[in-house]
Amino acid sequence: NPVKAVAFVRHERQHGSALSPAELRRLVEELNAPRFERYRSYFLFRLFYGLRPCEVATATYDGTFIIARNAKRKGGKQEHKRIPVPLEAKDLPLPSPVDHGYANRVFQEIFPDRKQYDLRHTFATVCQQYVRREIVEVWLGDSPERLIGNTYTHFPDEFMISEMQKVRFIPDKT
């Protein structure tokens, strides 16, 4: 088999990291500048809800929740995630559609050594500082494949809302 002669190089996956409190404050300051106005709600939406780029396009408000199609379902299975609206995002409009490649370049104007996917890491990290991991997994749409997590646990809306109200994404200056 001639394919066996080809050396297979395994790609080493590079994981992102969460933005620091100083970087979060800087992000909000930069996004208030007129030149970033078009991307302000897009990046903040990704931060406050931990959405993937393709999920942002499917997001809608439903009272005190946003609903977005979960992009990581196999076999064409349609599943949606419901994430409570954080206090810091209560007046945030749905973002306009943006070109993901161009949004990467815009994000790197603010943070040259970062990727906008770090906003998802930041969402998960910040939320876990305030609420249980299992709840954050539900919000991310990455519920564990365990019987208890998928079959028997059904958090009521009131509980999910009260948990999200504990979370503070943008730290105060100290």
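What counts, and where the lines are drawn
- Residues numbered from 1 in each chain as written.
- Predicted model: local features only at pLDDT ≥ 70, side-chain atom pairs only at ≥ 80, totals over all residues.
- Heavy atoms only, no water.
- Helix = DSSP H or I, 4+ residues; strand = E, 2+ residues; numbered from the N terminus.
- Contact = heavy atoms within 4.5 Å.
- Areas by Shrake-Rupley, 256 points an atom, 1.4 Å probe, with all protein chains shown as cover.
- Core = buried A, V, L, I, M, F, W, Y, C linked by side-chain atoms within 4.5 Å.
- Buried < 20%, exposed > 50% of the residue type's maximum accessible area, 1.4 Å probe, protein only.
- Pairing = 2+ DSSP bridges.
- Axes fitted to C-alpha atoms, helices over the stretch in contact; angles between N-to-C directions.

Novice: Would you mind going over the overall build of the protein chain with me for this structure?
Specialist: A count of helical and extended segments in the protein chain gives eight helices and three strands. Secondary structure elements of the protein chain occur, N-terminal to C-terminal, as α-α-α-β-β-β-α-α-α-α-α. Principal axes of the C-alpha set define a box for the protein chain whose edges measure 60 × 45 × 30 Å. For the protein chain, long-range pairs separated by at least 24 residues make up 63% of all intrachain contacts whose partners lie at least 6 apart in sequence. Working note: accessible area of the protein chain is about 10900 Å², and carbon and sulfur atoms make up 52% of it.

Novice: Quick question: what am I supposed to make of the nonpolar core here?
Specialist: Where a protein is soluble and globular, its nonpolar side chains tend to be buried together. Of all hydrophobic cores here, the largest spans 42 residues; its most connected members are Leu27, Phe43, Tyr49, Leu51, Ile66, Trp139 and Phe169. Elements with a contribution of two residues or more to this core: helix H1 (21–31), helix H2 (37–49), strand S2 (65–69), helix H4 (100–110), helix H5 (118–128), helix H6 (133–140) and helix H8 (157–164). Of the residues forming this core, the biggest block, eight residues, is contributed by H2.

Novice: Would you mind showing me how to read the sheet that holds S2 here?
Specialist: Paired through backbone hydrogen bonds, the strands of a sheet run either parallel or antiparallel to each other. An order of S1-S2-S3 is seen for the three strands of this open sheet, with the pairing classed as antiparallel. Every other strand in the sheet has two partners, leaving strand S1 (60–62) and strand S3 (80–84) as the edge strands with one partner each. Averaged over neighbouring strand pairs, the angle between their axes works out to 35° when direction is ignored. For S2 and S3, the ladder comprises five bridges, and the chain directions are antiparallel. Across the sheet, the residue bridging to Ile67 is Arg82, located in S3.

Novice: Hey, could you run me through H5 in this one?
Specialist: Because each turn of an α-helix spans 3.6 residues, side chains separated by three or four positions end up pointing in the same direction. Within H5, eight of the 11 residues are buried, which leaves the element mostly enclosed by the surrounding structure. Looking only at H5, the buried set comprises Asp118, Leu119, Arg120, Thr122, Phe123, Ala124, Val126 and Cys127.

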